[in-house]
Amino acid sequence: MHKILVINGPNLNLLGIREPNLYGTQSLDEINAGLCEMAAENGVELEFFQSNSEGAMIDRIHSAYGEASFIIINAGALTHSSIAVHDALKAVNIPVIEVHMTNIYAREDFRRQSFISPAAIGGIFGLGPAVYKMALQAAINMLNNKR
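Residues numbered from 1 in each chain as written. Predicted model: local features only at pLDDT ≥ 70, side-chain atom pairs only at ≥ 80, totals over all residues. Heavy atoms only, no water.

Pairing is parallel across the open sheet formed by 5 strands, whose spatial order is 2-1-3-4-5. In this open sheet, the two strands that pair with only one neighbour each are strand 2 (45-50) and strand 5 (122-125). For this sheet, the mean inter-axis angle between neighbouring strands, taken without regard to orientation, is 20 degrees. Pairing of strand 3 (residues 70-74) with strand 4 (residues 96-100) involves 3 bridges; the strand directions are parallel. When the bridges of strand 4 are listed, isoleucine 73 appears paired with glutamate 98. Its contacts with the sheet put helix 2 (residues 28-42) on strand 1 (3-8) and strand 2, and the angle it makes with strand 2 is roughly 165 degrees. (Pairing = 2+ DSSP bridges. Helix = DSSP H or I, 4+ residues; strand = E, 2+ residues; numbered from the N terminus. Axes fitted to C-alpha atoms, helices over the stretch in contact; angles between N-to-C directions. Contact = heavy atoms within 4.5 Å.)

See the structure below:
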């Protein structure tokens, strides 16, 4: 069975209460529950990891080596500042899909730079919580060679 690791970075634990005008009212637990249903229907295993710490995220990415078949990541603000997260993703050589609930390319200038994108095979941006399900479906398709 394929294992897909879903990583969420800083402040995403506050989804549902954090700027609902931008991120909506769904909590991270609610988003994850929807992903679990989808994973069960498709015969894949999911693991969720959220941290507000860059080092903890890097450690989890490292430990995914040899364990995860795919990574879906919303690195939050670390997207725009962490070369170390980029390097960790490149080092483990696991396919990555980058997601963001908002369109980072239509927001403040500093959010338009992603250090994650060059390490990812693709990205889904700006479509709210649905980006996670879209990324999961894409990962399942790729794992099943249905590009």
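Moving on from the model shown.
Attention shifts here to the environment of threonine 79. Among the secondary structure elements, threonine 79 is positioned in the loop between strand 3 and helix 4 (83-92). Residues threonine 79 and glutamine 113 lie 34 residues apart in sequence; the distance between their C-alpha atoms is 7.7 Å. The residues contacting threonine 79, other than those within four sequence positions of it, are Glu98, His100, Ile104, Gln113, Ser114, Phe115 and Ile116. Engagement of the side chain of threonine 79 in a polar contact is seen with the side chain of histidine 100, the distance being 3.4 Å. (Polar contact = N/O pair within 3.5 Å; in protein donor to acceptor, adjacent residues only side chain to side chain.)

Looking at the element boundaries, tyrosine 65 is found in the loop between helix 3 (54-63) and strand 3. Tyrosine 65 sits 10 residues away from glycine 55 along the chain, and the two C-alpha atoms are 16 Å apart. Non-local contacts of tyrosine 65, meaning those with residues more than four positions away in its chain, are made with Val92 and Ile94.

Enumeration according to the criterion identifies 8 salt bridges in this entry. Arginine 107 serves as the salt-bridge partner of glutamate 108, at 3.6 Å between the closest nitrogen and oxygen. Residue classification places glutamate 108 among the partly exposed positions, given a relative accessible area of 35%. Relative accessible area serves as the criterion here: at 15%, arginine 107 is assigned to the buried category. (Salt bridge = Lys/Arg side-chain N within 4 Å of Asp/Glu carboxyl O. Buried < 20%, exposed > 50% of the residue type's maximum accessible area, 1.4 Å probe, protein only.)

Attention now moves to the nonpolar core. If you look at the biggest cluster of nonpolar residues, it comprises 25 residues, and the most contacted ones within it are Ile4, Val99, Tyr132 and Leu136. At the level of secondary structure, the elements contributing two or more residues to this core comprise strand 1, helix 2, strand 3, strand 4 and helix 5 (130-143). It is helix 5 that provides the largest number of residues to this core, a total of 7 residues. Counting residues in each nonpolar core, the second largest holds 20 residues, with Ile58, Ile73, Ala75 and Val96 among its members. (Core = buried A, V, L, I, M, F, W, Y, C linked by side-chain atoms within 4.5 Å.)

Relative to each other, helix 3 and helix 4 sit at 5 degrees, their axes nearing to 9 Å. As the angle between them shows, helix 3 and helix 4 are arranged roughly parallel. Touching Glu54, Ile58, Ile61 and His62 of helix 3 are Ala84, Val85, Ala88, Leu89 and Val92, all from helix 4. Residues belonging to the contact of helix 3 with helix 4 are distributed by class as follows: 7 nonpolar, 1 polar and 1 charged. (Parallel < 35°, antiparallel > 145°, perpendicular 65-115°, else oblique. Nonpolar A, V, L, I, M, F, W, Y, C, P; charged D, E, K, R; others polar.)

With that settled, consider helix 3. When helix 3 is considered as a whole, its buried residues turn out to be Met57, Ile58, Arg60 and Ile61. Angular distribution of buried residues about the axis of helix 3 spans 160 degrees; they occupy a single face of the element. Where helix 3 is buried, its residues meet strand 1, strand 2, strand 3 and helix 4. (Arc of directions from axis to C-beta.)

This next bit is on the pairing of strand 3. The side chains of a regular strand alternate, residue by residue, between the two faces of the sheet. Counted residue by residue, strand 3 has 5 buried out of 5 residues, so it is predominantly covered. Burial of the side chains of strand 3 extends over both faces: Phe70, Ile72 and Asn74 are buried on one face and Ile71 and Ile73 on the other. In terms of strand pairing, strand 1 meets strand 3 through 5 bridges, oriented parallel. Paired with isoleucine 4 across the bridge in strand 3 is phenylalanine 70.

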